[in-house]
Amino acid sequence: MADQIPLSMTVNGRTSRGLGEPRLTLADFLREQAHCTGVHLGCEHGVCGSCTVLMDGEAVRSCLLFAVQADGADITTVEGLAPDDETLHPVQEAFRDCHGLQCGFCTPGFVISVAAFLEANPDPSDDEIRHGISGNLCRCTGYQGIVAATRQAAAVMKGNES
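Since we're looking at a predicted model, the values are computed, not measured.

A. Focus on the overall build of the chain. For the chain, the helix and strand inventory stands at five helices and five strands. Along its sequence from the N terminus, the chain presents helices and strands in the succession β-β-α-β-β-β-α-α-α-α. The C-alpha atoms of the chain give a radius of gyration of 16 Å, which matches the 15 Å a tight globule of 162 residues would have. The dimensions of the chain, computed from C-alpha atoms along their principal axes, are 50 × 30 × 25 Å. Among the 162 residues that make up the chain, the fraction classed as buried is 47%. Of the roughly 8600 Å² that the chain leaves accessible, carbon and sulfur atoms contribute 48%. Averaging the positions of the 10 positive and the 21 negative side-chain charges in the chain gives two centres separated by 5 Å.

B. Inspection of helix α3 (residues 107-120) at higher detail. Taking 1.5 Å of rise per residue, 14 residues should cover 20 Å, and α3 covers 20 Å from first to last C-alpha, within 8% of that figure. The complete set of buried residues in α3 reads T107, P108, G109, F110, V111, I112, S113, V114, A115, A116, F117 and L118. In this fold, the buried residues of α3 make contact with β3 (52-55), β4 (58-61), β5 (74-76), α2 (90-97), α4 (126-132) and α5 (144-158).

C. Just the packing of α3 against α5, in detail. Relative to each other, α3 and α5 sit at 45°, their axes nearing to 11 Å. When the interaxial angle is binned, α3 and α5 end up oblique. Here the hand of the crossing between α3 and α5 comes out right-handed. Where α3 approaches α5, its residues F110, V114, F117, L118 and E119 are matched on the opposing element by I146, T150, A153, A154 and M157.

D. Structural context of the sheet that holds β5. Spatially, the five strands line up as an open sheet ordered β2-β1-β5-β3-β4, and their pairing is mixed. Across the chains shown, the open sheet's two edge strands, defined by having one partner strand only, are β2 (14-20) and β4. Adjacent strand axes in the sheet meet at a mean angle of 40° when their direction is disregarded. Here strand β1 (residues 5-11) runs beside β5; their pairing, made up of two bridges, is parallel. Bridge assignment links V11 to a residue of β5, and that residue is I75.

E. The environment of S113, seen in detail. As for its placement among the helices and strands, S113 is situated in helix α3. As for S113 and G49, which are separated by 64 residues in sequence, their C-alpha atoms are 8.2 Å apart. Dropping the residues within four chain positions of it, S113 is found in contact with T52, R61 and N136. Of note is the side chain of S113, whose polar atom sits 2.9 Å from the backbone oxygen of G109.

Cut-offs and rules
- Residues numbered from 1 in each chain as written.
- Predicted model: local features only at pLDDT ≥ 70, side-chain atom pairs only at ≥ 80, totals over all residues.
- Heavy atoms only, no water.
- Helix = DSSP H or I, 4+ residues; strand = E, 2+ residues; numbered from the N terminus.
- Rg over C-alpha atoms; globule rule 2.2 N^0.38 Å.
- Buried < 20%, exposed > 50% of the residue type's maximum accessible area, 1.4 Å probe, protein only.
- Areas by Shrake-Rupley, 256 points an atom, 1.4 Å probe, with all protein chains shown as cover.
- Lys, Arg positive; Asp, Glu negative; His and termini not counted.
- Charge placed at Lys NZ, Arg CZ, Asp CG, Glu CD.
- Expected span 1.5 Å × (residues − 1).
- Contact = heavy atoms within 4.5 Å.
- Axes fitted to C-alpha atoms, helices over the stretch in contact; angles between N-to-C directions.
- Parallel < 35°, antiparallel > 145°, perpendicular 65-115°, else oblique.
- Left-handed = near helix turned anticlockwise from the far one by under 90°.
- Pairing = 2+ DSSP bridges.
- Polar contact = N/O pair within 3.5 Å; in protein donor to acceptor, adjacent residues only side chain to side chain.

Here is the structure:
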């Protein structure tokens, strides 16, 4: 058994400490030690996007990173995206309103990816939205609700709708 390495990172605004072998993925650390079960493991090859989180503000695939690479980082999962426990983030609201989910397995990764995408591109065209979500896979929705949710979230985040 490999040596256990001490890990510490800020996860959803709180310090999360643990131990892990050097090969422990960030996804496994977040699920098992930080108890962020919204981080889903689908392909474990970085293809599906279900494990997407924000690391220091950038969307990353947590299944492709070792937890030691995130030591000291600021991590946001879907559980920490909203400002508080009573309020949804505009992207979460839009996914609910526009039926941008069905089984829900891919939803946390999509929500994080869309939030990061809209930070970088607050006024996207539909083609830009489709390109922006192309790194995430969904087997249920047909993507139309996800595109509509992204469009609605963009409008809300710009202050054009409530």
